[in-house]
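Observations on chain architecture
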Amino acid sequence: MNSVINVMRRELTGYFATPVAYVFLIIFLVMTGVFAFYMGNFYERGFADLDPFFRFHPWLYLFLVPAISMRLWAEERRSGTIELLFTLPLTTIEAVLGKFLAAWLFIGLALLLTLPMWITVNYLGQPDNGVILAAYLGSWLMAGGFLAIGSCMSALTRNQVVAFILSIVVCFVFLLSGLPMVMNLFNSWAPQIVLDGIASLSFLKHFADISKGVIDVRDLIYFGLVIGFWLFANVLILDMKKAD
Amino acid sequence: MIEVKSLSKSYGVFKAVDDLSFTVRAGQVLGFLGPNGAGKSTTMKMLTGFLTPTSGTALINGIDVVENSVLARKTIGYLPEGAPSYGEMTVQQFLGFVARARLIDKNSVAVSVDRAIEKLNLSDVKHQVIETLSKGFKRRVGLAQAIIHDPQILILDEPTDGLDPNQKREVRRLIRAMAKDKIIIISTHILEEVEAVCNRVMIIAEGRLLADDSPQALIMRSRYHNAVSLVVDAAEKVASILGELPQVARVELNEGELTLFPAGDGLFEAVTATISANQWQVSALRLEAGRLDEVFHTITSGGAAA
């Protein structure tokens, strides 16, 4: 556990020692704002809720999370520090968890910095704060899912651009798997159980459920499983090819 | 103690390390010597648990590096090739990270970091970001990181690469000072370094062990061992006269320098006696100990040194 925290601390130090952290935070805050106010018609709708704000999170994460995750392992490979890291007395699991938690906490911080949105909506009306809290939780869990995919993709290559693109593609598939444009491909021939299976993989569906304010154990387990699965794959990839 | 047992590593059909076995004991400073791509670094990566051997294994103080990698790594300090470090951190932050990762007690982390900084003369740059440092400083940060937990076993892959002559001397002094009750393995292709710090040399080429001896014994394998070199006027006439001596096996004339190879004992005495008898004007005269570069060349290009 100490090793996990140590790796996490080092990662976080790294974020704030470079412009990465500040650029990400600023872009994230500006983009969430732009989406909520312009595309989500935050004011014009006349409802005191944060739905226009949360509705665009999946699409924002699709590009911003891979931007954070792409360096996680690709950079270690490129600079050779992976050799340093894995000759220290810590397990691959500890290193993967430490890096993942650092990035996840960092995105959590970005989410926390959007609190002015919440203050605004409370100033304008009487929103259901329970729903908003649930949506925040759902958004953070979904970011964890994206991040776990991105971390795994980053372990595949020493090139950050390749890691970025791979992550977006895989995240995109997970994001869309419940939407009609994907489901239509399967509707005509696949049995119902397969259709349900594909639909239930969708980030969008589970996020939508949580952000309605219904925290269902199944949705929590879903995101837990997604994160667990991709981090496990991440560990396997690192163990199989540490060098090169 | 390190026991290496039939260690092998292949990449497809290419054998980077081929059935390597040896034992290293405390107090030994072992130098891996070999051409580039000989398998020195690969061997080190397997000893430190970074690469998994294709077959065979190594025991670090009885702990198997394949079966129990994390535990085995604890007693090792390692400087990877090129001395990688997290460039965005300051020297102090980086060493703190390694100290904690090395499971040094929370209260002793600062002390360990300070001690390593002092040993490697890094005090002036400890608050600097590593990527802004010169190559020499980066190398010293890498060394500081390797010794921070005062490991019983030190594995250093080209520790003096990129250092200036003064810094090289300093690092060699440091290695010698630490050598007493530790095991130190260094890889290098600088021959003088082997003579300066090692008490055991292994010559490796194409993944195989070609020679395993003390530097002195290796030098004695040189055909120059006990040869006599001299610089003298009218070298060719002198060569023909000295060539008649029973102690001389062969004479070579090279860029004005005459080298006499011994056929038995007493060559140096016989040569000096002949010189004074003939009253030649000799501007240089020396007894050769042997040339390590020549031994190295002979061994690594096939066949044993004469």
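Residues numbered from 1 in each chain as written. Chains lettered and ligands numbered in written order. Predicted model: local features only at pLDDT ≥ 70, side-chain atom pairs only at ≥ 80, totals over all residues.

So, about the domain arrangement of chain B. How big an interface is tends to be reported as the loss of accessible area on association of its parts. Here the domain parsing of chain B yields domain 1 (2–220) and domain 2 (228–288). Look at where the C-alpha atoms of domain 1 of chain B and domain 2 of chain B centre, and you get two points 44 Å apart. (Domains from an automatic or database assignment.)

The partner chain B presents 23 residues to the 20 residues of chain A that form the contact. The set of elements that each furnish at least two residues to the side of chain A that touches chain B consists of helix H1 (2–17) and helix H6 (81–85) of chain A. For the side of chain A that touches chain B, the element with the most residues is H1 of chain A, which contributes 6 residues. Per-class residue counts for the side of chain A that touches chain B are 7 nonpolar, 10 polar and 3 charged. (Contact = placed C-beta atoms within 7 Å. Helix = DSSP H or I, 4+ residues; strand = E, 2+ residues; numbered from the N terminus. Nonpolar A, V, L, I, M, F, W, Y, C, P; charged D, E, K, R; others polar.)

What follows deals with the sheet that holds strand S6 (residues 76–79) of chain B. All names here are of chain B. Overall, mixed pairing links the 6 strands, which are arranged S6-S7-S8-S3-S9-S10 in an open sheet. Each edge of the open sheet is held by one strand with a lone partner, namely S6 and strand S10 (208–213). Between one strand and the next, the sheet's axes are offset by a mean angle of 15 degrees, whatever the strand orientation. As defined by bridge partners, strand S3 (residues 29–33) adjoins strand S9 (residues 200–205) across 4 bridges and the pair is classed as parallel. When the sheet's bridge partners are listed, Leu-30 is paired in S9 with Arg-200. (Pairing = 2+ DSSP bridges. Axes fitted to C-alpha atoms, helices over the stretch in contact; angles between N-to-C directions.)

Here the focus is the packing of helix H9 (residues 129–154) of chain A against helix H13 (residues 203–211) of chain A. Residue and element names in this part refer to chain A. Two elements in contact, H9 and H13, have axes whose closest approach is 8 Å; the angle formed by their N-to-C orientations is 160 degrees. With respect to H13, the axis of H9 lies roughly antiparallel. Here H9 and H13 pass one another in a crossing that is right-handed. Of H13, the residues touching H9 (which contributes Ala-134, Ala-135, Leu-137, Gly-138, Met-142 and Gly-145) are Phe-203, Phe-207, Ile-210 and Ser-211. In terms of residue class, the contact of H9 with H13 is built from 7 nonpolar, 3 polar and no charged. (Parallel < 35°, antiparallel > 145°, perpendicular 65-115°, else oblique. Left-handed = near helix turned anticlockwise from the far one by under 90°.)

All names here are of chain B. The element strand S8 (residues 183–188) is largely enclosed, with a buried count of 6 among its 6 residues. Of the two faces of S8, the one lined by Ile-183, Ile-185 and Ser-187 and the one lined by Ile-184, Ile-186 and Thr-188 are each fully buried. For S3 and S8, the ladder comprises 5 bridges, and the chain directions are parallel. Among the inter-strand pairings, Gly-31 is bridged to a residue of S8, identified as Ile-186. When strand S7 (residues 153–157) meets S8, the two strands line up parallel, connected through 5 bridges. Residue pairing in the sheet places Asp-157 in a bridge with Ser-187 of S8. (Buried ≥ 20, exposed ≤ 12 C-beta atoms within 10 Å, placed from the backbone.)

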